[in-house]
Amino acid sequence: MNFDVNYMKMALTLAEKGIGYTSPNPMVGAVVVKDGKVIGKGWHKQAGEAHAEVLAIDDAGESARGAMLYVTLEPCNHEGRTPPCTKKILDAGITGVVFAMKDPNPNVNGGGGNFLKTKNIDVVTGVCEDEAAKMNESFIKHSLTGRPFVILKCAATLDGRIATRTGNSQWITNSLSRRFVHRLRHNADAVMVGIGTVFADDPSLTVRLDNFDGRDPIRIILDSKLSIDEDAKILNLNSGADTIIVTGCKCLETKKTILEKKGAKIVELDEENGLIDIDALMKVLGEKGITSILIEGGSRVSASALGAGVVDKIYFFYAPKILGGDDGVPIFRGPGPDTIDQGIKIKDIRVKLFDDDVMIEGYIN
């Protein structure tokens with residue numbers, strides 16, 4: 001079967017339109033091609049709504065008969081919130097299907113492609129596979145492990161400080177960097193901070209972007225002693241997203257009741273050395289259907305997450321500023337390794353400039 005990589009790249013561009021809206025489903029794009037022309041396009045817009053293949057075939061209409069379908073993920077062959085896409089493909093008379101990557105869910109991996117082959121549909125897989133996998137890295141990890149994909153973000157001066165000795169941190173980075181972080185929030189299912197950040201900054205942790213209909217992430221606060229002030233901004237927002245407070249098992253029932261009346265959801269977990277067990281928390285959050293988490297600090301939460309081995313990806317923003325002392329707030333607090341070779345290694349590095357800020361993106365090795 002002849003195919004054109006450009007059609008798959010077109011499908012990937014369509015899939016990107018679903019960033020931030022489709023979780024816990026993946027982002028998927030599809031195009032229908034006949035006689036060298038694109039006759040139908042579609043992308044998955046929201047969990048529970050029609051899949052990309054269905055929208056693309058509907059867009060093509062009767063012309064889909066005898067055409068080829070390019071789709072970024074293996075078509076489903078099981079009944080979920082929507083009927084199986086394989087049935088739609090057969091009913092439409094599609095004669096060839098090219099998909100970028102197999103469904104990572106071990107219970108369905110290969111099922112859609114193999115089923116179509118038994119119906120004499122030409123099937124090709126692996127076209128632009130790496131690009132499709134990176135786009136859906138959170139979906140893949142959650143499908144394979146039941147745990148969320150975790151991104152650690154920090155904004156620091158060149159000498160590695162996220163605040164001055166007085167706690168002042170607004171603003172280390174410029175407006176372009178901060179705008180990108182708001183996009184990261186939109187992309188993630190949840191954003192997580194420690195109670196120290198709530199005390200210091202009284203953040204909203206919402207998505208605030210001009211001319212963009214951003215989706216607020218679930219807000220997760222690590223508060224082992226349940227010491228959050230009930231007047232904190234994060235508990236008094238006009239937002240459709242939940243606020244989850246994670247605390248130790250011996251929290252005060254009275255305070256817990258007050259916070260629940262404010263709309264917060266309380267998760268109680270065991271503590272280790274006075275800190276929330278982050279590894280155990282990731283399991284709990286994964287079971288709640290949270291596929292991705294953006295950690296925004298502060299120093300102890302970031303260090304705990306790295307130490308627990310739960311971080312998959314980093315975004316470090318460095319502003320061209322130097323505090324020059326040794327009394328500012330460091331990126332991480334707590335003991336580090338004894339030797340340099342014990343440090344955490346980062347791979348697949350990408351560097352991007354936001355005006356005069358430098359962002360380093362990479363994956364935990």
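Here is a short report on the structure shown in this document.

The buried count for strand β4 (residues 96-101) comes to six of six residues, which makes it a mostly enclosed element. Here five bridges tie strand β3 (residues 68-73) to β4, and the two strands are oriented parallel to one another. Its bridge partner lying in β4, L73 is registered against M101. Strand direction decides the pairing type here: β4 and strand β5 (residues 122-125), joined by four bridges, are parallel. If you follow V98 over to β5, its bridge partner there is V124.

Looking now at the environment of G61. Position of G61 among the secondary structure elements: in the loop between α2 (52-60) and β3. The exposure class assigned to G61 is partly exposed, which follows from its relative accessible area of 36%. Each C-alpha atom of the pair G61 and I346 lies 48 Å from the other, and the pair is 285 residues apart in sequence.

Our focus in this paragraph is the pattern of salt bridges. Using the criterion set out here, one finds 14 salt bridges in the structure. For D279, the salt bridge is made with R147, and the minimal N-O distance between the two is 2.6 Å. Of this pair, D279 sits in helix α10 (residues 278-287) while R147 sits in the loop between α6 (137-145) and β6 (149-156), placing them 132 residues apart in sequence. Two residues, R350 and E361, come together in a salt bridge whose shortest N-O distance is 2.7 Å. You can see R350 sitting in strand β17 (residues 346-354) and its partner E361 sitting in strand β18 (residues 357-364), a full 11 residues away along the chain.

All right, on to the side chain of D189 then. Examined against the element boundaries, D189 turns out to sit in the loop between α7 (175-187) and β8 (190-194). One buried charged residue, D189, remains without a salt bridge, the closest side chain of opposite sign being R215 at 4.2 Å. Within the local environment of D189, its side chain forms a polar contact with the side chain of S23, the two groups lying 2.8 Å apart. Dropping the residues within four chain positions of it, D189 is found in contact with S23, R215, P217, I218, G289, I290, T291 and S292.

Procedures and definitions
- Residues numbered from 1 in each chain as written.
- Predicted model: local features only at pLDDT ≥ 70, side-chain atom pairs only at ≥ 80, totals over all residues.
- Heavy atoms only, no water.
- Buried < 20%, exposed > 50% of the residue type's maximum accessible area, 1.4 Å probe, protein only.
- Helix = DSSP H or I, 4+ residues; strand = E, 2+ residues; numbered from the N terminus.
- Pairing = 2+ DSSP bridges.
- Salt bridge = Lys/Arg side-chain N within 4 Å of Asp/Glu carboxyl O.
- Lys, Arg positive; Asp, Glu negative; His and termini not counted.
- Polar contact = N/O pair within 3.5 Å; in protein donor to acceptor, adjacent residues only side chain to side chain.
- Contact = heavy atoms within 4.5 Å.

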